[in-house]
Amino acid sequence: MSFDFYCAIIKVVCVVLLQHIILLSIFMSRVVRNSKFRHVFGQASKKADCYEGIRVTKHASDSTFCCVNPKFLAIITESAGGGSFLVLPLENVGRVDRNVPLVSGHKAAVLDIAWCPHNDNIIASGSDDCTVKIWQIPDGGITTTLTESTVDLIAHQRRVVQVVWHPSALNVLLSSGSDMKIFIWNVSKSAILSTVDCHTEAILSVAWNYNGSRIVTSCKDKMFRVINPRTGEIIQSGAGHQGGKPARAIYLRDGRIFSTGFSKMAERQYAVWDENNLSAPLTMVELDSSNGILFPFYDEDTGMIFLCGKGDSAIRYFEYTPETPYIHYLSTYLSSDPQRGIGNMPKRGLNIAACEIARFYKLLNSGVCEVISFTVPRKSELFQDDLYPDSAGDEHAITADEWINGVDADPKLISIRDLHSGPKTPLNVNNNNQLIPPKQEVAFDKQNLSPKSSLEKSPIDNTNNGQPKVQSKTTSVQSKKPSTLAEKEDTLTNTQYDTIVTQLEGIMRRMDEFDRRLQALEKRSVTNETRESIIEDDNL
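Per an unreviewed UniProt entry, the protein chain goes by Coronin and derives from Rotaria sordida. The UniProt entry for the protein chain carries this comment under Sequence similarities (unreviewed entry): "Belongs to the WD repeat coronin family."

(A) Examining a nonpolar patch on the surface more closely. There is a patch of nonpolar side chains on the surface, built from Ile-500, Leu-504, Ile-507 and Met-511 and spanning about 340 Å² of accessible area. Relative to the helices and strands, Ile-507 is located in helix α4 (residues 494-526). A relative accessible area of 47% means that Ile-507 is categorised as partly exposed.

(B) Representation of the environment of Cys-219 within the structure. Secondary-structure assignment places Cys-219 in strand β17 (residues 215-219). When its relative accessible area of 4% is taken as the criterion, Cys-219 is described as buried. For the pair Cys-219 and Val-206, spaced 13 residues apart in sequence, the C-alpha to C-alpha distance is 9.2 Å. Every residue in contact with Cys-219, bar those within four places of it in the chain, is listed here: His-199, Glu-201, Ala-202, Leu-204 and Arg-225.

(C) View of the sheet that holds strand β14 (residues 182-186). Across the sheet, which stays open at both edges, the 4 strands sit in the order β12-β13-β14-β15 with antiparallel pairing between neighbours. Edge positions in the sheet fall to β12 (160-165) and β15 (191-196), since each of these pairs with one other strand and no more. The average undirected angle you get between the axes of adjacent strands in this sheet is 25°. Across 5 bridges, the pairing between β14 and β15 is antiparallel.

(D) Highlighting the packing of aromatic side chains. This model, assessed by the stated rule, comprises 16 aromatic pairs. Here the aromatic rings of Phe-258 and Tyr-270 are separated by 5.8 Å at their centres, their planes lie at 25°, and the arrangement is stacked. Taken together, the positions of Phe-258 in strand β21 (residues 257-262) and Tyr-270 in strand β22 (residues 268-273) put the pair 12 residues apart, joining distant regions of the chain. For Phe-258, a relative accessible area of 1% gives the class buried.

(E) Quick look at the nonpolar core. Counting residues in each nonpolar core, the largest one holds 59 residues, and the members touching the most others are Tyr-361 and Phe-374. Beyond its immediate stretch of four places on either side in the chain, Tyr-361 contacts Tyr-51, Cys-66, Val-68, Leu-73, Leu-90, Gly-341, Ile-342, Gly-343, Met-345, Cys-369, Glu-370 and Val-371. Formed by 24 residues, the second largest nonpolar core is a distinct cluster that contains Phe-224, Val-226, Leu-252 and Val-272.

(F) Broad picture of the environment of Ala-397. As for its placement among the helices and strands, Ala-397 is situated in the loop between β31 (391-392) and α2 (400-404). On a C-alpha basis, the gap between Ala-397 and Leu-413 in space is 9.5 Å, while along the polypeptide they are 16 residues apart. Discounting chain neighbours no more than four positions away, the residues touching Ala-397 are Ser-168, Ala-409, Asp-410 and Lys-412.

(G) View of the pattern of salt bridges. All told, the structure shown has 18 salt bridges when counted by the stated rule. In this structure, Arg-417 engages Asp-385 in a salt bridge whose closest nitrogen and oxygen atoms are separated by 2.5 Å. Here the residue Arg-417 occupies a position in the loop between β32 (413-414) and β33 (428-429), and Asp-385 occupies one in the loop between β30 (369-375) and β31, the gap between them amounting to 32 residues. It is possible to trace a salt-bridge network through shared partners that takes in Arg-253, Asp-299, Asp-301 and Lys-347.

The rules we used
- Residues numbered from 1 in each chain as written.
- Predicted model: local features only at pLDDT ≥ 70, side-chain atom pairs only at ≥ 80, totals over all residues.
- Heavy atoms only, no water.
- UniProt positions renumbered as here; feature names shortened; annotations may be inferred.
- Patch = residues over 30% accessible without salt bridge, like charges linked within 9 Å, V, L, I, M, F, W, Y side chains within 5 Å.
- Areas by Shrake-Rupley, 256 points an atom, 1.4 Å probe, with all protein chains shown as cover.
- Salt bridge = Lys/Arg side-chain N within 4 Å of Asp/Glu carboxyl O.
- Helix = DSSP H or I, 4+ residues; strand = E, 2+ residues; numbered from the N terminus.
- Buried < 20%, exposed > 50% of the residue type's maximum accessible area, 1.4 Å probe, protein only.
- Contact = heavy atoms within 4.5 Å.
- Pairing = 2+ DSSP bridges.
- Axes fitted to C-alpha atoms, helices over the stretch in contact; angles between N-to-C directions.
- Phe/Tyr/Trp six-rings, centres within 6.5 Å; stacked < 30°, edge-to-face > 60°.
- Core = buried A, V, L, I, M, F, W, Y, C linked by side-chain atoms within 4.5 Å.

The structure is reproduced here in structure tokens:
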């Protein structure tokens, strides 16, 4: 065989290999998504930064038993002869005193608690005693056991299993009970705004949509319902997860619904639904065969979804996109201790400088509340605009009366950049996404500066051995008075100027004294006088 034949064979092999490499790269690009949250990792805080000695409730309700905001951590506790929960300022880490003051005003076990999104000092609680209570926590926490609530909301005939605040309307609270009813309250007036009475069996979960115009419920009859909360009218309904264990449903920001539940074979599932068509899910995926209820926590800003199962030792997190397949698995945080309950910190309370995008407070059966931080690894200390879009703040968008009269409004957003404690980026962006250069530094006018030196030399004195004599005179520094506020901030004030001149004059006087002594020593050394005579002459 000739040399050309072997060259042709090699060329064919190279072309085939190149084609395979191209196909493999295309395949991998489809399998491995390019996501900025792909490398998010969770890390538990040190023991000294956690909370210990907490008597977590042993009630068997399907609740997270914990809620947190940028000021306080609230945990439902075990108590005899009534219901109570613990409220701690976030900075009070370490072991909790056994005699710590509690919020203890319910006559039966507390089943659910929720912080108000528009006031970090207001918390609502639902109890087995069929009441909803509103409590006001002072800054710094409570110093004595709190038994008198600010507002009592009494309407349910059976236990209250869930309380949820409206995302944008002030003082609007939703409560659902085992009496298969949902009440919408105006907390400031202790009045019922509307009643939802369309369920045939126990309500398992309730969630508002992004602007609070609709709610979605999951029920023991295995049905999902989209309801108008003002009128109680069912807009859409459909069969959900068909397992016998409880299912939960939440709204996504774009109006779709995310749910967790069980299949007929008791396998845990998650699914995405169209709120306008609940006849079939857009996607449904089976996770595993564990028996713990999955609590979904949704980040409306980043699209991330965290699944925390009661009794699990893992936290799975996913990313939601509007395109198929909708839910993309990212990773799993694993630990050795199962979780009894869990709470999620709002975006306002995260460590923005460390690129923290989520923080969970995990309750353990041993009475420990473990703090778990989820972070995006970034080398730069500048503010990361792609990780932190504007997020919901603590200011309401509408009032309760406006909402019940048909007004809908998205939550008011705040800039997370303002919460960033690290270095700022050198350029700003205006409303048109155009870069604004940094402000120009103030330039000093050189014509106003004196060209003379601060030390003026005198003519040569014959008595100084031909050395010039330094005079104790300072040059008068001319300064231009600032005419604008920007120039005032960058120039010396009159007080600072006088202080500097006084210090310079003192230095000049000391230099004159040293020069005089040096001349005297040189003169005395010629006549061989003793040191004692020099001192005597100096004292004259």
